Amino acid sequence: MPKTEHLAPHGERDSDGVPRGTDGAVAAPSWPRHWPLLLLAAAVLPGVLLLAVGRWADEPAVQAWRTVCLAVTVQALPFLLLGTALSGAINAFVPAHVFNRLLPKRPALAVPVAGAAGVVLPGCECASVPVANSLIGRGVTPAAAFAFLLSAPAVNPIVLTATAVAFPGSPEMVLARLLASLVTAVAMGWLWLALGRTEWLKPAVPHTGHRPGHSRWDEFRRGFQHDFLHAGGFLVVGAMAAATFNVAVPRSALETFAGSPWLSVLFLAGLAIVLAVCSEADAFVAASLTGFSPVARLTFMVVGPMVDVKLIALQAGTFGRAFAIRFSAATTVVAILAAVLIGAVLL
């Protein structure tokens, strides 16, 4: 009779964790009691899931979602690529002290100059927070740094060109976005001069720009890679959210907001904060919201680059929560008012 191997009491194991019998022999592996059912499930379930997903993907709503998502992403990607490349080049090749030398000494005059600098100095909103922090650390008045923080991602040439492409034949939309964003940035800079307090601002200044002894091209590559991957992720999420919004939200629910001038403006302002779409791409998302008025879509494009969930988090981590809460709330109100007033005149 062959000797039967018995497991030792209490599941004794050797130093390697292998079960051993009472005589020290290695115990034979035990199969689960219902192993045929588990094997059958492993073979059948993946095929069932693939079949269900395939049929679900053929639904008209899913096809419409996929079309909108891909359209927003593909249209915005070239502008995002160019914008992050230029932002990385400025960070790597332009010395930080250049900004300080170009600004007037008087803070009240430095604010509009810093705001206007955003027209010629492109930058993603994700990069504008550390740049503003660096400017403050080098002696630039916070009001001017905050004006540049708001204007750079909102009115740079890449954003304005993307807006013109997203709204073909509507140069008034591009002009309205430029003016409303500039007015908001300058107004917030002056508002900080009048009401801002130093105890709200707790900057932790990181080193930005070129570091002596390091390759500028390597810094450009690293900065471009970080900004593009970071902003690209938000672009895809924003495109998915925009597609979901267009497909999943009933038209009757949209009419509740779209039919009211003020409700539509407030709704798209809140949507811009939640979606957190990169400024190089938000014009294409706004253009897809065809059920809303031009003023409401302008508000979406003015609020988004200045206040969204990722910017609030970046500002809180860089300048402190006390600053982020007050500054974001005030910026939202000023941006909505500027967009409504200028949109009512131009659109």
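Rules used throughout
- Residues numbered from 1 in each chain as written.
- Predicted model: local features only at pLDDT ≥ 70, side-chain atom pairs only at ≥ 80, totals over all residues.
- Heavy atoms only, no water.
- Axes fitted to C-alpha atoms, helices over the stretch in contact; angles between N-to-C directions.
- Helix = DSSP H or I, 4+ residues; strand = E, 2+ residues; numbered from the N terminus.
- Parallel < 35°, antiparallel > 145°, perpendicular 65-115°, else oblique.
- Left-handed = near helix turned anticlockwise from the far one by under 90°.
- Contact = heavy atoms within 4.5 Å.
- Nonpolar A, V, L, I, M, F, W, Y, C, P; charged D, E, K, R; others polar.
- Core = buried A, V, L, I, M, F, W, Y, C linked by side-chain atoms within 4.5 Å.
- Buried < 20%, exposed > 50% of the residue type's maximum accessible area, 1.4 Å probe, protein only.
- Polar contact = N/O pair within 3.5 Å; in protein donor to acceptor, adjacent residues only side chain to side chain.
- Phe/Tyr/Trp six-rings, centres within 6.5 Å; stacked < 30°, edge-to-face > 60°.
- Patch = residues over 30% accessible without salt bridge, like charges linked within 9 Å, V, L, I, M, F, W, Y side chains within 5 Å.
- Areas by Shrake-Rupley, 256 points an atom, 1.4 Å probe, with all protein chains shown as cover.
- Salt bridge = Lys/Arg side-chain N within 4 Å of Asp/Glu carboxyl O.

Engineer: How should I be thinking about the packing of helix 4 (residues 107-117) against helix 8 (residues 171-195) in this particular structure?
Structural biologist: Relative to each other, helix 4 and helix 8 sit at 155°, their axes nearing to 9 Å. In terms of their interaxial angle, helix 4 and helix 8 are classed as roughly antiparallel. The element helix 4 and its partner helix 8 pack so that their crossing is right-handed. On helix 8, the residues that touch Pro 107, Ala 108, Val 111, Pro 112, Gly 115 and Ala 116 of helix 4 are Leu 182, Val 186, Gly 189, Trp 190 and Leu 193. Each residue belonging to the contact of helix 4 with helix 8 can be placed in one class, and the counts come to nine nonpolar, two polar and no charged.

Engineer: Where do I start with the nonpolar core in this structure?
Structural biologist: One finds Phe 146, Phe 300, Val 303 and Phe 319 to be the most contacted residues of the largest nonpolar core, which totals 70 residues. For this core, the element with the most residues is helix 6 (residues 142-155), which contributes 11 residues. Phe 300 has contacts with Leu 268, Leu 271, Ala 272, Leu 275, Asp 282, Val 285 and Ala 286, leaving out every residue within four places of it along the chain.

Engineer: Can you walk me through the side chain of Ser 151 in this structure?
Structural biologist: If you trace the backbone, Ser 151 turns up in helix 6. There is a polar contact of 2.9 Å between the side chain of Ser 151 and the backbone oxygen of Gly 115. Leaving out residues up to four positions away in the same chain, Ser 151 has contacts with Ala 114, Gly 115, Gly 118, Asn 156 and Ala 185.

Engineer: What is the right way to look at the packing of aromatic side chains in this model?
Structural biologist: The geometry of an aromatic ring pair is captured by the separation of the ring centres together with the interplanar angle, meaning the angle of the planes. In the structure shown here, the tally under the stated rule is 11 aromatic pairs. With a centroid separation of 5.8 Å and 10° between ring planes, the pair formed by Phe 267 and Phe 292 is classed as stacked. Linking Phe 267 in helix 11 (residues 261-275) with Phe 292 in the loop between helix 12 (282-288) and helix 13 (294-303), this pair joins segments that are 25 residues apart in sequence. Exposure remark for Phe 267: the relative accessible area of 22% places this residue in the partly exposed category.

Engineer: Would you mind showing me how to read the environment of Leu 266 here?
Structural biologist: Note on placement: Leu 266 falls in helix 11. For the pair Leu 266 and Ala 296, spaced 30 residues apart in sequence, the C-alpha to C-alpha distance is 7.9 Å.

Engineer: Could you clarify how one ought to interpret a nonpolar patch on the surface in this entry?
Structural biologist: A surface patch of nonpolar side chains, amounting to about 390 Å² of accessible area, comprises Leu 175, Leu 179, Val 345, Leu 346 and Leu 347. Counting residues per element, the ones that place at least two in the nonpolar patch are helix 8 and helix 15 (321-346). Structurally, Leu 346 is set in helix 15.

Engineer: Please clarify how the pattern of salt bridges should be interpreted in this entry.
Structural biologist: When charged atoms on two side chains of opposite charge get close, those side chains can pair. Taken as a whole and judged by the stated rule, the model has three salt bridges. Asp 218 is paired through a salt bridge with Arg 222; the nearest N and O atoms lie 2.9 Å apart. In this pair, Asp 218 and Arg 222 both sit in helix 9 (residues 216-248), four residues apart, roughly one turn of the helix. By relative accessible area, Asp 218 is classed as partly exposed at 28%.

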